[in-house]
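Remarks on the overall topology
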Amino acid sequence: MNDAIREMQEGMERHGYIAEHSIATAVYLAKEMRKPLLIEGDAGVGKTEIGKVMARMLGTELIRLQCYQGLDVNTALYEWNYQRQILHLKIAERDGKDPAALEAEIFSRDFLLERPLLRAITRAEAPAVLLIDEIDRADDGFEAFLLEVLSDFQVTIPELGTIRAVHQPYVVLTSNNSREIGDALRRRCLYLYIDHPSFEKEVSIIRTLVPEVSEQLADQIARFAQGLRARRLAKVPGVAETLDWARALVHLHRDHLDVDVVQATLGCLVKDHHDLDAMGPSETAALVAAARDTAGVS
Amino acid sequence: MIEGDLLAHLAGFAGALRARRVRVGLSDEVDAATALPLVDLLDRDEVRSALRTALKIRPRDWQVFDEEFRRLWVEREAPARPAPPLSQPPPPSTNPAPRAPLPRAGNPSTAPIGVDAPVSESPDGEHAGYSPDVLLRRKPFDQCTPRDLAELERLLERLKLNLATRPSRRLVPVRGRGIVDMRRSFRSAIATRCDFLLLARRARAVEEPKLVLLCDTSGSMDAHSRFFLAFILALKRVARRTEVFAFNTTLTRLTPWLAPGKIGITLDRLASEVPDWSGGTRIGESLAEFVLHYQRSALDSDAVVVILSDGLDRGDPEVLVRAMRAIHARARRVIWLNPLLGDARYQPLARGMEAALPFVDFFAAAHNLESLEAVAGMIAA
């Protein structure tokens, strides 16, 4: 293993993210090659967390742009502060100022509201981490616009001219795969797919993030979750759900799983009506038995 | 920069991937060439992760990637060979052996449909002089002659479907009513020294629905499937965001073959892309496969799912029920078109059909052109 990648892996772990070799490699490459990193994977596998951990590791600001259908340039890039501009004009009217000077005044940086994308490229201190979350929710038109920003790291505002990036930000994009991301954008980025964690990884995630959990319980929780994922559920629980569940069990002062407590708290893990129906007492009992049994052996 | 030998390996590797239909572009190769010197070249896992990241390999291509990667790695391990075969250009014909178009009963015509359909075919005495359109519209597909079919395809091409009736979340400039667009209002007010004489406004755009078409191409549908595909091509022309799948015993995604650039694609070529055309039916398994692999990217609350099938299923109804429930939960509307429904004696008693019905919003006939035209209304509604 490359030393720098090992360092990256350990650094991420120190900041609360248990990263596999492949994840550490991708993050390291994105950082070194200064390319955006596009992360795909199921809900709750820790895509967004990578952006946050990167910001913590680099000791820089995290600028987040949450995408949604109908997101437009005004909300993503910049907007003029119209109310202030009008107020300024009305006050200036009394003084009878020169119109040209007045125009230059109201279209200056003071009247500009920076939205996440602009903020990310104008940040003066050090490169920020720009997290563009759930890019698949934005329309394809926005994707095309993003492409332009991500390739040149400059933005043109008609009234102000072109603003170039002071520092090129580290960019992380996440996608839940609710829409296929265009090839052009994909090509601009490096690509990482995060799968559900292996048993060992899940145990160590639980123990790191919920330290109150006993070793035995963490083991059983992970085994149960793995068993659940092997079934054909409509909504497969992610690590986020497992962690919620672990915290819930800690609140209930449990140190092992039994059928009653699992049935009572299954809502933390299984969040679909039909899936819950499918997990009746007998199915739960079988999974609990499997989780406890193997735990006893190892 | 990386050494030439490695570069040749990389180029060969990318070529091999492309040959197996994994989309890898030149810019991806450049990324990979930049990435490789940054990792430990002796660590197999690390090289694999790095290549996967830099070449942007999606999970669905992982298997092919891993196979090719194993081959690449073995060759790298044996440095004795000076010129690895991988650096040669990939063999020309690498697509899974081109299947010969399967013979289909009653369809000897191989005329291309689509933009260059045989419009100019001179009508003979039988058709000249009066408009046979009305009759043709009502003629069941399984009674159509090849000439009728060509004529129907011509009618379909003229079919102007207005599907764009849904307000989207996107705001576009409009005159009159709508929410005030400050940016544009302000710019126009500058001319009048900031007296807002006119307010610019924005309102929700009207968008065409997202269509997902699942077309049964099994043997029992033979008489209809050719025409259904023609109908699908017509829909694809008016609704850009359309995903097309064909199924019989397995599911095949046809959308890439219907891309806008690929005009003049023949039905026979399409048919040759679908394995087991005219074979048996396993609707439940096919739809379950759709749910497993494509549901998340193809379905959302805007999507209208159209299933064209006679519902004669040989699989387990329980599988079909589960798949239909998942589809119904995610889509805006599910439409099932059944060519058998045109027959007054038909009752949807086939086990598969019966199981699927609770999850269908519209269950309609699709045995002639007239019934298909009515479908357009359901899609846009």
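This structure is a prediction, so every number in the text was calculated from the model and none was measured. (Residues numbered from 1 in each chain as written. Chains lettered and ligands numbered in written order. Predicted model: local features only at pLDDT ≥ 70, side-chain atom pairs only at ≥ 80, totals over all residues.)

**As for the overall build of chain B**
Of the regular secondary structure elements, chain B holds 14 helices and nine strands. Here chain B holds 381 residues, and the buried ones make up 35% of them. Restricting the contact set of chain B to residue pairs at least 6 apart, pairs at least 24 apart contribute 77%. (Helix = DSSP H or I, 4+ residues; strand = E, 2+ residues; numbered from the N terminus. Buried ≥ 20, exposed ≤ 12 C-beta atoms within 10 Å, placed from the backbone. Contact = placed C-beta atoms within 7 Å.)

**Describing the overall build of chain A**
Check the secondary structure of chain A and you find 15 helices and nine strands. Residue burial in chain A is summarised as follows: out of 298 residues, 36% are buried. Look at the contacts in chain A between residues 6 or more apart in sequence, and 77% of them connect residues 24 or more apart.

**Brief notes about the nonpolar core**
Residues V27, L37, V172 and L190 of chain A are the most contacted members of the largest nonpolar core, which totals 96 residues. Beyond its immediate chain neighbours, meaning those up to four positions away, L190 of chain A contacts A26, L29, A30, M33, K35, L37 and L38 of chain A together with D31, T53 and A54 of chain B. Core analysis: the second largest hydrophobic core is formed by 55 residues, F227, F245, V274 and V334 of chain B among them. (Core = buried A, V, L, I, M, F, W, Y, C linked by C-beta atoms within 7 Å.)

**A look at the sheet that holds strand 5 (residues 242-247) of chain B**
All names here are of chain B. Sheet architecture is open: six strands sit in the order 6-5-4-7-8-9, paired in mixed fashion. Each edge of the sheet is formed by a strand with only one pairing partner; in this case those strands are strand 6 (251-253) and strand 9 (362-365). Averaged over all neighbouring strand pairs, the angle between strand axes comes to 20 degrees, with direction disregarded. Note that strand 8 (residues 333-338) and strand 9 share four bridges and pair parallel. Within strand 9, the position partnered with W336 by the bridge is F363. (Pairing = 2+ DSSP bridges. Axes fitted to C-alpha atoms, helices over the stretch in contact; angles between N-to-C directions.)

**Quick word on the environment of E212 of chain A**
All names here are of chain A. Topologically, E212 is positioned in the loop between helix 10 (199-209) and helix 11 (215-230). Note on E212: 12 C-beta atoms within 10 Å, which makes it exposed. Each C-alpha atom, one on E212 and one on H253, is 9.8 Å from the other, the two residues being 41 residues apart in sequence.

**Some thoughts on the interface of chain A and chain B**
Counting residues at the interface gives 32 residues for chain A, matched by 31 residues for chain B. Of all the elements in the fold, those that place two or more residues in the side of chain A that touches chain B are helix 2 (21-33), helix 5 (82-95), helix 9 (183-188) and strand 9 (190-194) of chain A. Looking at the side of chain A that touches chain B element by element, the count peaks at seven residues for helix 2 of chain A. A per-class count over the side of chain A that touches chain B returns 14 nonpolar, 11 polar and seven charged. (Nonpolar A, V, L, I, M, F, W, Y, C, P; charged D, E, K, R; others polar.)

**Observations regarding the environment of R254 of chain A**
Residues and elements named next belong to chain A. One can find R254 in the loop between helix 12 (239-251) and helix 13 (259-265). Distance from R254 to S214, taken between C-alpha atoms, is 9.0 Å for residues 40 residues apart in sequence. Those residues within four positions of R254 in sequence are excluded, and the remaining contacts are L217, L249 and V261.

**Here we look at the environment of F153 of chain A**
Residues and elements named next belong to chain A. In this fold, F153 is placed in the loop between helix 8 (140-152) and strand 6 (154-157). Using a count of 19 C-beta atoms within 10 Å as the deciding quantity, one classes F153 as partly exposed. Linking F153 and T122, residues 31 residues apart in sequence, is a C-alpha distance of 9.9 Å. Discounting chain neighbours no more than four positions away, the residues touching F153 are I121, A165 and Q168.

**Topic: the sheet that holds strand 5 (residues 129-133) of chain A**
Residues and elements named next belong to chain A. Read from one edge of the open sheet, five strands run 2-5-8-1-9, paired in parallel fashion. What marks the edges here is a single partner per strand, and that holds for strand 2 (62-66) and strand 9. Taken pair by pair, the neighbouring strands of this sheet meet at an average axis angle of 20 degrees, ignoring direction. Summarising the sheet, strand 5 and strand 8 (residues 170-175) pair through four bridges and their orientation is parallel. Within the sheet, the bridge partner assigned to L130 lies in strand 8 and is V171.

**A word on helix 11 of chain A**
End to end, helix 11 of chain A covers 23 Å across 16 residues, agreeing with the expected 22 Å (1.5 Å per residue, within 8%). Those residues of helix 11 of chain A lying buried are L217, A218, D219, Q220, I221, A222, R223, F224, A225 and L228 of chain A. (Expected span 1.5 Å × (residues − 1).)

**A few points about the confidence of the model for chain B**
Interpretation of the predicted coordinates at a detailed level should be avoided for regions scoring low in pLDDT. Residues and elements named next belong to chain B. Taken as a whole, chain B shows an average pLDDT of 73; of its residues, 68% reach a score of 70 or greater. Across chain B, the secondary-structure element scoring lowest on mean pLDDT is helix 5 (residues 133-138), at 61, and the one scoring highest is helix 3 (residues 44-54), at 91. For residues 79-131, every residue scores under 50 in pLDDT, and the model assigns this stretch 65 contacts once sequence neighbours within four places are set aside. Quick note on the complex model: pTM equals 0.67, ipTM equals 0.76. (pLDDT = per-residue confidence, 0-100.)

**Some thoughts on the packing of helix 10 of chain A against helix 11 of chain A**
Residue and element names in this part refer to chain A. Look at helix 10 against helix 11: their axes get within 9 Å of each other, and the N-to-C directions meet at 130 degrees. Here helix 11 runs oblique to helix 10, going by the angle between their axes. Seen from above, helix 10 lies across helix 11 with right-handed handedness. Contacts between helix 10 and helix 11 involve F199, E202, V203, I206 and R207 from the former and A218, D219, I221, A222, R223, A225 and Q226 from the latter. (Parallel < 35°, antiparallel > 145°, perpendicular 65-115°, else oblique. Left-handed = near helix turned anticlockwise from the far one by under 90°.)

**A look at the pairing of strand 4 (residues 210-216) of chain B**
Residue and element names in this part refer to chain B. Burial within strand 4 is extensive, with seven of its seven residues counted as buried. Residues K210, V212, L214 and D216 point to one face of strand 4 and L211, L213 and C215 to the other, with burial holding for every one of them. Taken together, the six bridges between strand 4 and strand 7 (residues 303-308) define a ladder with parallel strand orientation. By the bridge assignment for strand 7, L214 is matched with I307. Both strand 4 and strand 5 contribute to a ladder of six bridges, which runs parallel. Each residue of the ladder has a partner; that of C215, found in strand 5, is A246.

**Examining unusual backbone geometry**
Residue and element names in this part refer to chain A. With a phi angle near 50 degrees, R34 is a residue other than glycine that sits in the positive phi range. By the element assignment, R34 lies in the loop between helix 2 and strand 1 (37-41). The phi dihedral of H253 is positive, around 55 degrees, even though this residue is not glycine. Along the polypeptide, H253 turns up in the loop between helix 12 and helix 13.

**Examining helix 12 of chain A**
Owing to its 3.6 residues per turn, the α-helix aligns residues three or four sequence positions apart on the same side. End to end, helix 12 of chain A covers 18 Å across 13 residues, agreeing with the expected 18 Å (1.5 Å per residue, within 8%). Just past helix 12 of chain A, the residue H253 of chain A takes up positive phi, approximately 55 degrees.

**Looking at the pairing of strand 7 (residues 161-164) of chain A**
All names here are of chain A. Across four bridges, the pairing between strand 6 and strand 7 is antiparallel. Opposite Q154, over in strand 7, you have R164 as the bridge partner. Following strand 6, the chain reverses through three residues before pairing antiparallel with strand 7.

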